[in-house]
Amino acid sequence: MRFRDFTAVHKTDLMVNAGEFFSILGPSGCGKTTILKMVAGFLEPTEGTVLIGGTPMTGVGPAQRPTALIFQNLALFPLMTVWENVAFGLEARGMRVAERRRRAGELLDLVALGGHEMKRPGELSGGQKQRVAIARALAVEPSVLLLDEPLSALDLKLRHHMRAELRAIQQRVGITFIYITHDQGEALTMSDRIAVMSQGRIEQIATPEELYGRPSSAFVATFVGANNVLHGRVTSAVNGHLSVDSPLGPLRARKTDGVAAGQETLIFVRPERIRLDPPPTVENRISGKVVRRELEGAYLQLEIATETGQRLLAQVTNADESVARKIGESLSVGFNAVDAQALPPGPLAVER
Amino acid sequence: MRNLLAIYGRTLTAIICLMVLFWVLAMILVPQIAMLHNSLWWTEKSGDAAAVTLRIDALYNDIGVLELDLAAAGDDEKAKITAEIESKRSEIAELESKEVSARRVYGFANYTRMSALHFGIFVKTMFFSALVTVLALIVCYPIAFAAAQVFTGEKAALLMLGLVVPYAINELLRIYAWLMILDYQGVINSALAWMGLVDFSKGTAIPFLQSPGAVFAAMIYAYILFMVFPIYNTLETLDRNQLDAARDLGAATARIHWRVAIPHAKPGIAVGCIMTFMLSAGSYSVPQIMTRGQGGDWFSQLIYRQFFDANNWNIGAAYAFTLLVACLVFIFLVMRMFGVGIREIAR
């Protein structure tokens, strides 16, 4: 998809299975909304085709597509009552008043909003509006429901609640959800599969577990969850393990495709996989000093500076007194080779 | 009041209050009350007294004529004419001593005595003004919608500029421009003649100016901005996503406008209709110029004639006040029809 000279989305092959909760995750401006608009029919791709249920959608407008879009700001009709909002799609299809009123009532019951039919959207709370928007979109019985960051306007607590609810609704109605978000937490908790996008390209499509555990690129590794990044050069690749020469000394890491002996590499280690005072079985050991410590309650976040100046982030469960560390305290940390993912160098996700 | 004092201090508060008072008195109360008062009385004289007054008027006329003669006459005739003038002067003096001044009578007769012809003109003006309002709405809504929602950035700015530019020209000139366009040998007829559709020599050109449509066209053109801007202002605040959402839910264009855009624009439409109606109903120059004073009068022309041709300010005031009341009724009706309150109108 191109806008004049700007390519918003590069050549993309994306297959979403029917009945799947599929998320497209990426920083703002990565082209995820453009993909959504192409699926919804508000944009025609410059090249290529969108197929829904095997049917090409070229030349089919948003009104005729079997999709329904939930907008970021929901775009409820403020001058209509709740039931009229929900029934608007049915009205457009020429359904009789009594019939669409009954159907709106059913849908509002489905999203647990029975009894609010006669209110205006302005009289509802954020979460209730959200549910009206979902009911309105479901009313037209779409085969694909498209959601454009619909939770971003809610406060944290409600957002967590709505995640579970969205997932539950999706499983109840059994239709395909395509969910756009820049919030990895949302994507990881709700989705069956996730596509991570960056600068108009899809970096990886995988299940949440795979995405978090085995990111396929440096961008994904740093965008999805936190990661420690260690530079190095591969010295040997044997039996699925890599030996890497790094400023911190020799390290061992898990082998990934595209990383071979003699190449530059980036090693990614999750903060929660870094262990304090590692037992002798742990393959990689580094010593350093605590420069920052944050108690988050259930866990403790430590920033450790090694002798080379490399910063490491470690997250340890606040299980007992033994994890307590003071700032300036020297300590030894380590991680297993299976917890260290070596990937070809590439752009990292920039902290926003 | 206490708030005002707290914010602005004593001097500024006094100035503000005085200015508000001046506005209310000079702009609203005094002119309207003066008009209302004028419309509620008329002068009356009995038959004899009226005859005396008429006689005095006639004598003054004669003297005027004689004085002209005097200036042109030769020496021999001068004495005769001077004597005649003198005799008329003395008669005037005698009559004027007998003359009684007119009685001022209060009542509603200025309103109730409106002739069927004038009432017909009043009704016609109301109807035509309403028609102009509806036509202007039909013309302006798409323009306002395009400027507010369809075009973005530079294009929208150019469109608005195009709408405003004609308003840099004097209103009379704009109306005369339409006169030239619609005239019998005007731009349109000339173009038609050039295309061979009409022939001046056979008299088949279309007499646009003889139909009320010519007045309508000039009026819509003259007052288009007063309809476009209020609607544009409300449509501009309409969230694009709502239009997209309606479309995504399968609504056709007509339904999107009817159910989403127009309800949102209601306050703007109401304001635009009120302004256009009041301007049309009160417009003097457009019907006067477009019909060259030859076509059927509009009520505003009638009021003008009462004041300045018939020299009957009392009837004129009554007619003007009637027009004001009719406009107020229209405002009230529009507000009821669109379900908008005074607060939304004021915005």
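Residues numbered from 1 in each chain as written. Chains lettered and ligands numbered in written order. Predicted model: local features only at pLDDT ≥ 70, side-chain atom pairs only at ≥ 80, totals over all residues. Heavy atoms only, no water.

### Let's talk about the sheet that holds strand E17 (residues 299-306) of chain A
The pairing of strands in a sheet happens through backbone hydrogen bonds and is either parallel or antiparallel. All names here are of chain A. One open sheet holds the 5 strands; their spatial order is E15-E19-E16-E17-E18, and the pairing between them is antiparallel. Sheet topology places strand E15 (275-276) and strand E18 (311-317) at the edges, where each strand pairs with a single neighbour. Strand direction decides the pairing type here: strand E16 (residues 284-295) and E17, joined by 7 bridges, are antiparallel. Note on E17: the bridge partner recorded for Arg292 is Glu303. (Pairing = 2+ DSSP bridges. Helix = DSSP H or I, 4+ residues; strand = E, 2+ residues; numbered from the N terminus.)

### What about the environment of Glu210 of chain A?
Structurally, the position occupied by Glu210 of chain A is in helix H7 (residues 208-213). C-alpha separation for the pair Glu210 of chain A and Ile194 of chain A, spaced 16 residues apart in sequence, amounts to 9.7 Å.

### Here we look at a nonpolar patch on the surface
A contiguous nonpolar patch, built from Leu18, Val20, Leu21, Phe22, Trp23, Val24, Leu25, Met27, Ile28, Leu29, Val30 and Ile33 of chain B and spanning about 1200 Å² of accessible area, is present on the exposed surface. Following the sequence through the fold, Val30 of chain B ends up in helix H1 (residues 2-39). (Patch = residues over 30% accessible without salt bridge, like charges linked within 9 Å, V, L, I, M, F, W, Y side chains within 5 Å. Areas by Shrake-Rupley, 256 points an atom, 1.4 Å probe, with all protein chains shown as cover. Salt bridge = Lys/Arg side-chain N within 4 Å of Asp/Glu carboxyl O.)

### Quick look at the sheet that holds strand E6 (residues 67-70) of chain A
Residues and elements named next belong to chain A. Spatial ordering of the open sheet is given by E6-E7-E8-E3-E9-E10, a layout of 6 strands whose pairing is mixed. Only two strands of the sheet have a single partner each, and these edge strands are E6 and strand E10 (201-206). This sheet shows a mean twist of 20 degrees between the axes of neighbouring strands, independent of strand direction. The pairing of strand E9 (residues 193-198) with E10 spans 5 bridges and is classified as antiparallel. Bridge pairing links Val196 to Gln204 in E10. Contacting E6 and strand E7 (144-148), helix H4 (residues 126-139) crosses the sheet at an angle of about 165 degrees to E6. (Axes fitted to C-alpha atoms, helices over the stretch in contact; angles between N-to-C directions. Contact = heavy atoms within 4.5 Å.)

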